[in-house]
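# An overview of the molecular structure
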Amino acid sequence: LNQGCPELAINSFWKFLKSNSIVFSIILWICAIFLLVFGYLGIRMTILLYGIFTGSFFGVLLIAESYKNFDLESNGLFIFTVCLAVFLGFLFGISLLTIPKLGYVNIGVLVGAIFSLLLQNSVLYLTGSLLAFYITFGVTGFIMAVIALMELKNFIIVCSSFTGAFLLIRPIGFFLMGYPN
């Protein structure tokens, strides 16, 4: 299984997610339903949720980099690492609540990232270079962050709906064979 960088334990984390796909799918579906129904109505909770996503993602990346050339076999260590990453995400989400403008920027950047990933899987892979992905990621993240800074109600509604739809559909890939990651 050659996904990601072979030096890092990200592959092991991906295997862990796939082996516990039912649990993670249920968590993502609950978050998706919240974002689809209460996106802007519960803006503080939405900012917290986006902060947890972002902080957890970076927490897993930082923790995984510390396990170079090490194939983790213990599920207990994975569970500890995921819990630690979610805790870091929770702290990041709480810090975003103290400065709501940064929370809006986080929403914009995360939606730009999801949009770039969808473009990568559908069109950008045809270029044969990751440069197109990085450029698209930077441009969409920047544009979405600037628009989010304007605190437009309709933009936040569209962003939370887009993210909720992605979180609702993406876990289905765990159960369909051959679905791209």
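Here the structure is shown first, and the text comes after it.
Everything in this summary refers to the structure shown in the same document.

The rules behind each value
Residues numbered from 1 in each chain as written. Predicted model: local features only at pLDDT ≥ 70, side-chain atom pairs only at ≥ 80, totals over all residues. Heavy atoms only, no water. Helix = DSSP H or I, 4+ residues; strand = E, 2+ residues; numbered from the N terminus. Buried < 20%, exposed > 50% of the residue type's maximum accessible area, 1.4 Å probe, protein only. Areas by Shrake-Rupley, 256 points an atom, 1.4 Å probe, with all protein chains shown as cover. Phe/Tyr/Trp six-rings, centres within 6.5 Å; stacked < 30°, edge-to-face > 60°. Axes fitted to C-alpha atoms, helices over the stretch in contact; angles between N-to-C directions. Parallel < 35°, antiparallel > 145°, perpendicular 65-115°, else oblique. Left-handed = near helix turned anticlockwise from the far one by under 90°. Contact = heavy atoms within 4.5 Å.

On to the overall build of the protein. When helices and strands are tallied, the protein shows 8 helices and 0 strands. Starting at the N terminus and ending at the C terminus, the protein contains elements arranged as α-α-α-α-α-α-α-α. Taken across its 181 residues, the protein has 38% of its residues classed as buried. Carbon and sulfur atoms form 75% of the exposed surface of the protein, whose accessible area is close to 10,600 Å².

Counted according to the given criterion, the structure contains 5 aromatic pairs. Geometrically, the ring pair formed by F34 and F38 is tilted, given 5.6 Å between the ring centres and 35° between the ring planes. Placement of the pair is F34 and F38 together in helix 2 (residues 21-38), with a separation of 4 residues, close to one helical turn. Exposure remark for F38: the relative accessible area of 41% places this residue in the partly exposed category. Their ring planes at 40° and their centres at 6.0 Å tell us that F133 and F137 sit as a pair that is tilted. One end of the pair is F133 and the other is F137, both in helix 6 (residues 131-149) and 4 residues apart, which spans about a single turn. The exposure class of F137 is partly exposed, given its relative accessible area of 35%. Through a chain of ring-to-ring contacts, three or more aromatic side chains come together here, namely F133, Y134 and F137.

Time to look at the packing of helix 5 (residues 100-122) against helix 7 (residues 153-169). A pair of packed helices is captured by two measures, namely the crossing angle of their axes and the spacing between those axes. At a closest axis distance of 10 Å, the pairing of helix 5 and helix 7 adopts a crossing angle of 45°. With respect to helix 7, the axis of helix 5 lies oblique. Relative to helix 7, the crossing made by helix 5 is left-handed. Across the interface between the two elements, Y104, I107, V111, I114, F115 and L118 from helix 5 touch I156, C159, F162, T163 and F166 from helix 7.

So, on to the side chain of S21. Its location among the elements puts S21 in helix 2. Dropping the residues within four chain positions of it, S21 is found in contact with F174 and F175.

Close contact between helix 5 and helix 6 brings their axes to 7 Å; oriented N to C, the two are set at 150°. Crossing angle aside, the handedness with which helix 5 passes helix 6 is right-handed.

With that settled, consider the side chain of T136. Here T136 shows up in helix 6. When its relative accessible area of 17% is taken as the criterion, T136 is described as buried. Discounting chain neighbours no more than four positions away, the residues touching T136 are S116, L119, L124 and G141.

Interpretation note: all reported values are geometric properties and have no functional meaning in isolation.
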